[in-house]
Amino acid sequence: MTDSDAVALSAIAVHRDDWVNLPPELAALVAPPVTVSAVPVERPVGSWRRGQLARSRGNMPVGRHRGAAR
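Report on the accompanying structure. None of the values given here were measured: they were computed from a predicted structure.

1. Focus on the overall build of the protein
- If you tally the helices and strands in the protein, you get two helices and two strands.
- If you list the helices and strands of the protein from N to C, you get β-α-β-α.
- Per-residue burial over the protein gives 0% buried out of 70 residues.
- Contacts in the protein between residues far apart in sequence, at least 24 positions, make up 42% of those at least 6 positions apart.
- In the structure as shown, the protein presents an accessible area of about 6800 Å², 58% of it carried by carbon and sulfur atoms.

2. Quick notes on a nonpolar patch on the surface
- Taken together, the side chains of I12, V14, V34 and V36 define a hydrophobic patch exposed on the protein surface, amounting to about 410 Å² of accessible area.
- At the level of secondary structure, the elements contributing two or more residues to the nonpolar patch comprise β1 (10–16) and β2 (34–40).
- Position of V36 relative to the elements: it lies in strand β2.
- Look at V36 and you get exposed, because its relative accessible area is 55%.

3. Quick word on the environment of A11
- Position of A11 among the secondary structure elements: in strand β1.
- Residues A11 and P40, 29 residues apart in the sequence, show an inter-C-alpha distance of 6.1 Å.
- Ignoring anything within four residues of it in the chain, the contact list for A11 reads S37, A38, V39 and V41.

What counts, and where the lines are drawn
Residues numbered from 1 in each chain as written. Predicted model: local features only at pLDDT ≥ 70, side-chain atom pairs only at ≥ 80, totals over all residues. Heavy atoms only, no water. Helix = DSSP H or I, 4+ residues; strand = E, 2+ residues; numbered from the N terminus. Buried < 20%, exposed > 50% of the residue type's maximum accessible area, 1.4 Å probe, protein only. Contact = heavy atoms within 4.5 Å. Areas by Shrake-Rupley, 256 points an atom, 1.4 Å probe, with all protein chains shown as cover. Patch = residues over 30% accessible without salt bridge, like charges linked within 9 Å, V, L, I, M, F, W, Y side chains within 5 Å. Salt bridge = Lys/Arg side-chain N within 4 Å of Asp/Glu carboxyl O.

Right, here's the structure in full:
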C-alpha cells in the first residue's frame, strides 16, 4: 500500500467531559459523558486536480445560460 492510499479522509476526536449536574457518588457509578466529533481533513489540491475541477465547472449550467423549461 502506498502512502497516498493510507491517508485518512476524516479526523475523529473524542473528548471526555465531567458530570456537572450529578453528585460525586453517582458520577462514580456511571461512565463520563463523551463528545465525538469528526471533520474532513483538509489537503492541498494539486494543479492537475484544480484544472480538472475548473473544466467540470465549465460544463455545469448556471442560471442565465439554462434553457427555458418546456
